[in-house]
Structure formats: structure tokens, C-alpha cells
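Results of the structural survey
Each chain, letter by letter, is given below.
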Amino acid sequence: MTHRTAAALPPVTLDDVRGAQKMLSGVARMTPMEGSRRLSQLVGSPVHFKCENLQRTGSFKLRGAYVRIAGLLPEQRAAGVVAASAGNHAQGVALASSLLGVRSTVFMPKGAPLPKISATRDYGAEVRLHGQVVDETLAAAQEYAASTGAVFIHPFDHPDIIAGQGTVGLEILEQCPEVRTIVVGIGGGGLAAGIAVAVKALRPDVRIVGVQAAGAAAYPPSLAAGRPVVLANPATMADGIKVGRPGDVPFGLVADLVDEVRTVSEDELSNALLLCLERAKLVVEPAGVSPVAALLSDPGAFEGPVVALLSGGNVDPLLMQRILRHGMAAQGRYLAVRIRLTDRPGALAALLGVLSVVDANVLDVSHVRTDPRLGLTEAEVELHLETKGPEHCAEVGQALREAGYTVIA
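The text that follows walks through the structure, step by step, so that each part is easy to find. (Residues numbered from 1 in each chain as written. Predicted model: local features only at pLDDT ≥ 70, side-chain atom pairs only at ≥ 80, totals over all residues. Heavy atoms only, no water.)

Looking only at helices and strands, the chain features 16 helices and 14 strands. Along the longest, intermediate and shortest principal axes, the C-alpha atoms of the chain span 85 × 50 × 40 Å. The 409 residues of the chain split such that 53% are buried. Partitioning the intrachain contacts of the chain with sequence separation of at least 6 by distance along the chain shows that 72% fall at a separation of at least 24. Carbon and sulfur atoms make up 52% of the accessible area of the chain, which totals about 17,800 Å². (Helix = DSSP H or I, 4+ residues; strand = E, 2+ residues; numbered from the N terminus. Buried < 20%, exposed > 50% of the residue type's maximum accessible area, 1.4 Å probe, protein only. Contact = heavy atoms within 4.5 Å. Areas by Shrake-Rupley, 256 points an atom, 1.4 Å probe, with all protein chains shown as cover.)

Once that is clear, we can look at the packing of helix H8 (residues 159-175) against helix H9 (residues 190-202). Interhelical geometry of H8 versus H9 gives an angle of 50° and a closest axis separation of 7 Å. Considering their axes alone, H8 and H9 lie oblique with respect to each other. By crossing handedness, the relation of H8 to H9 is classed as right-handed. Contacts between H8 and H9 involve Ile162, Gln165, Gly166, Val168, Gly169, Leu170 and Leu173 from the former and Gly190, Leu191, Ala193, Gly194, Ile195, Ala198, Val199 and Leu202 from the latter. Here the residues of the contact of H8 with H9 are counted per class, giving 10 nonpolar, five polar and no charged. (Axes fitted to C-alpha atoms, helices over the stretch in contact; angles between N-to-C directions. Parallel < 35°, antiparallel > 145°, perpendicular 65-115°, else oblique. Left-handed = near helix turned anticlockwise from the far one by under 90°. Nonpolar A, V, L, I, M, F, W, Y, C, P; charged D, E, K, R; others polar.)

The next point concerns the nonpolar core. In this structure, Ile69, Val81 and Ile195 are the most contacted members of the largest nonpolar core, which totals 55 residues. Considering each element in turn, this core owes the most residues, eight residues, to H9. Setting aside anything within four residues of it in sequence, one finds Ile195 in contact with Gln165, Gly166, Val168, Gly169, Ile182, Val184, Ile208 and Leu309. One finds Val306, Ala308, Ile323 and Leu324 within the second-largest nonpolar core, a separate group that totals 36 residues. (Core = buried A, V, L, I, M, F, W, Y, C linked by side-chain atoms within 4.5 Å.)

On to helix H5 (residues 88-100). In this model, H5 (13 residues) spans 18 Å end to end at C-alpha, consistent with the 18 Å of a helix rising 1.5 Å per residue. Counting buried positions along H5 yields 11 of 13 residues, so the element is predominantly enclosed. The inward-facing, buried residues of H5 abut helix H3 (61-70), helix H4 (74-79), strand S3 (81-84), strand S4 (104-108) and helix H6 (114-122). Looking one or two residues beyond H5, the residue adopting positive phi is Gly101, at roughly 70°. (Expected span 1.5 Å × (residues − 1).)

Within the structure shown, the criterion is met by two aromatic pairs. Judged by centre distance (6.0 Å) and plane angle (25°), the rings of Tyr219 and Phe251 are stacked. One end of the pair, Tyr219, is in helix H10 (residues 219-225); the other, Phe251, is in helix H11 (residues 248-257), with 32 residues separating them in the sequence. Residue classification places Tyr219 among the buried positions, given a relative accessible area of 0%. (Phe/Tyr/Trp six-rings, centres within 6.5 Å; stacked < 30°, edge-to-face > 60°.)

Turning next to unusual backbone geometry. The residue after Gly304, namely Pro305, is reached through a cis peptide bond having omega 0°. Tracing the backbone shows Pro305 in the loop between helix H13 (290-297) and strand S10 (306-310).

Across the sheet, which stays open at both edges, the six strands sit in the order S1-S2-S10-S7-S8-S9 with mixed pairing between neighbours. Of all the strands in the sheet, just strand S1 (33-35) and strand S9 (260-264) have a single pairing partner and so form its edges. Going across the sheet, the axis of each strand differs from the next one's by a mean of 25°, ignoring polarity. Pairing between strand S7 (residues 181-185) and strand S8 (residues 207-213): five bridges, direction parallel. In the strand pairing of S8, Val184 is matched with Gly210. Contacts from H9 reach S7, S8 and S10 within the one sheet, and its direction differs from that of S7 by about 160°. Sheet strands in contact with helix H12 (residues 266-278) are strand S2 (47-51), S8, S9 and S10, and its direction is about 90° off that of S9. (Pairing = 2+ DSSP bridges.)

Moving on to the pattern of salt bridges. Think of it this way: side chains of opposite charge can pair up when their charged atoms draw near. For the coordinates displayed, the defined rule picks out 13 salt bridges. Ionic pairing is found between Arg180 and Glu303, a salt bridge with its closest N-O pair at 3.2 Å. Of this pair, Arg180 sits in the loop between H8 and S7 while Glu303 sits in the loop between H13 and S10, placing them 123 residues apart in sequence. A residue is classified by how much of its surface remains accessible, and Arg180, at 27% relative accessible area, is partly exposed. With its nearest N and O atoms 2.9 Å apart, the salt bridge here joins Asp259 to Lys200. With a gap of 59 residues between them, Asp259 in the loop between H11 and S9 and Lys200 in helix H9 connect regions that are remote in the sequence. (Salt bridge = Lys/Arg side-chain N within 4 Å of Asp/Glu carboxyl O.)

From the geometry alone we can't say anything about function, so treat these as descriptive.
Written out as C-alpha cells, the structure reads:
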């Protein structure tokens, strides 16, 4: 038997995760597991949702934040804690600090959604708005820590954070002991690393698949290089996993224990969010549905039973509206067209009559008569339509052309 040196020991072990689970008893709830009939049909095997979107504060972040803050020395607690986040980590730190009687300050970007700012304050944190992007906010929080002595609580790059997030893995094995594949979203990597530590120690046969948004996928190039590398200008609507560089601590664990990292497109994220809302009646944020997006995009690649982790449900209502519209458009269920027509009484009514015949539901109408692009007797109408799929969209376009209308877009 080979004895490893202390330097070779992993930064987080199964015992650490089990200790975190005891610490979180009565603090974090064991979130439910829900079956998905639609995805089970596609995969050809049972698919379950692990609903961390129903966790206190709306995401798994409370787990790691509580374990990290609870492990501070008395003098560190007295100095308070500080964090930087656009939403989920902010709320997790705020609630954990309040439960432990520790003063917390949370830096958030100036453009953070108002519901997230309000929730963070309601959980007990002092919120300071700084910077336009999270990197600027992070720098401000670190400067605050250096000047005040407050302990900086990193969202993913610390062993205690990873151990706390790993408790999700223990719950999955308890709730679905027959699981063969676990699919989890990856940003900095703390959640995936923690789950991998717990699950691989107890069930090395379980396959763990990480998922990143294609526009913010720092892990594939980092894994190829064998070290964390910086991704320039990450861009995705899934702000919960929009991280430009993997964390040093989780990276090594992900590299050793996670079997595969996949990417998904913005359209696939929109479709996944729509499926969760319509079919599962679950409100999940874009980052939280990344595992569902992976299953929808390539269902044959996953051996079941599968557990897809819905990691968070904190989504701004205005963003939700845009995403749903985007998802409906991607599925051919939403169509926006501009039509040039003669400006005369009854012209708009005649156009709507054509749409009625082909059973297209009109959601919104914009009628423009005064525009330099239009002729003296012309008007332009922009229509937003609810349709029944790609074939119905084509039918609508064909009916408009046959009726003599010029479809601009």
C-alpha cells in the first residue's frame, strides 16, 4: 500500500463533507427530488431533478457559506465578513452570517437586479453597490477586507465552501441510491468539486458530468492546459456560472474526479428553462437549468438513472420574461414580423383577419405611419405572434405572402 504525503492529500475529503453535513443540520433543508417524465422519455431511463432551487435563499450557496463562516475563529467572527456577488452567494452569506451572529457586508454590482439586492438586505447584510461587473465588485470587497480586517468569503475557492456544497452529493446518494449519472452546472467549480468528492468516495461507479454555458466555458481550456486559465470576456445570460477563471482549489478536484465537462448554448438554456417552468412547474434560473439543457441537447449520452441538479431559482422577473420569449422563439412558438401595407381604413383589420384564419395568436401590435422610410400612403406594422411550432410559423408566412403582404422580417 502506498502512503501519500501530506502535500498529496486532497484539500477536501469525504470526512470533511460529512462534518459539514452535521454542521448544516437544521440550517440547510434536504431539498426534494422530483421525477421528470419528459426527460425520462428522451433519455430512456429515469431522470430526477435535485431541487436546490427550493433551498433557503433559493440556491445551494447557503451550504458552503454557512460552513465557511461557522469555521471562523472568535476573533475572525468579531471582525465580520465580506463577500462579492451578483446574487446567490450574496444571499447565502447574508443569511449564514445572520444565523451565526456575524456582521456581514456584501458588495454587489450597480446593475444587480433589485429583487436580489433587496433579498440580500432582508437577510441581514449591509449591501454596497460598486462597479459594473463582478470583477470590479470583487476587487472592492477584497480592498474592504484588507482595510477593515473583515474575512473575505470566496464564492467557491476555499475547502470549507467546497465541503459545504458537497453535502448535496450525500443527499443525492441517499435520495436516489440507484443513480448512475449526476449532471451539475459549473461556474468556478465549488459545487461540482464538492459533489464529486462525496460521490466518488462512496460510489466511484457514478459518472459525474459538469455543464458550462458555451460563452463562459473556462473549464475545457483549463483542463486541456492542466491549470486554470483565464477566459477573456465570458458572456452568457446564465450569470450564476459566468466565471472567467476556475478556482485553484476546485480545479484540481474537478480535474481528478469529474468525468466530463460539456457546454450548452443560450438557445438550449432557454429551452431548458421553459421545460422546467411548463412541465415541472419549477422556477429555475438560467445557470440552474444548465444540466437540463445538456440532457435535452444530447439525451443519448447519459446512462440512467440520472440526477440533474437544479442549482438555483433566483431569476429576475424581467430577465425571465426575455428568456421565456427567447425560448419560445427557439421552439418556433413565438414569431415577430414586420409588414409593409397600404395606409387606409380597414387595412390593419384585414391583416389581422388573415392571421385569424391561420390561428396565429396576436400578442402585440405596433403600427407606424410616420417614418422617413415609408411612402406617403404606406404604414408599417410589427406583430408579435404566438405560434405552434416551426411548421405553423412557415404556414403563417405563406398565408401572409399569398394575401399580398410584404414581410420585411
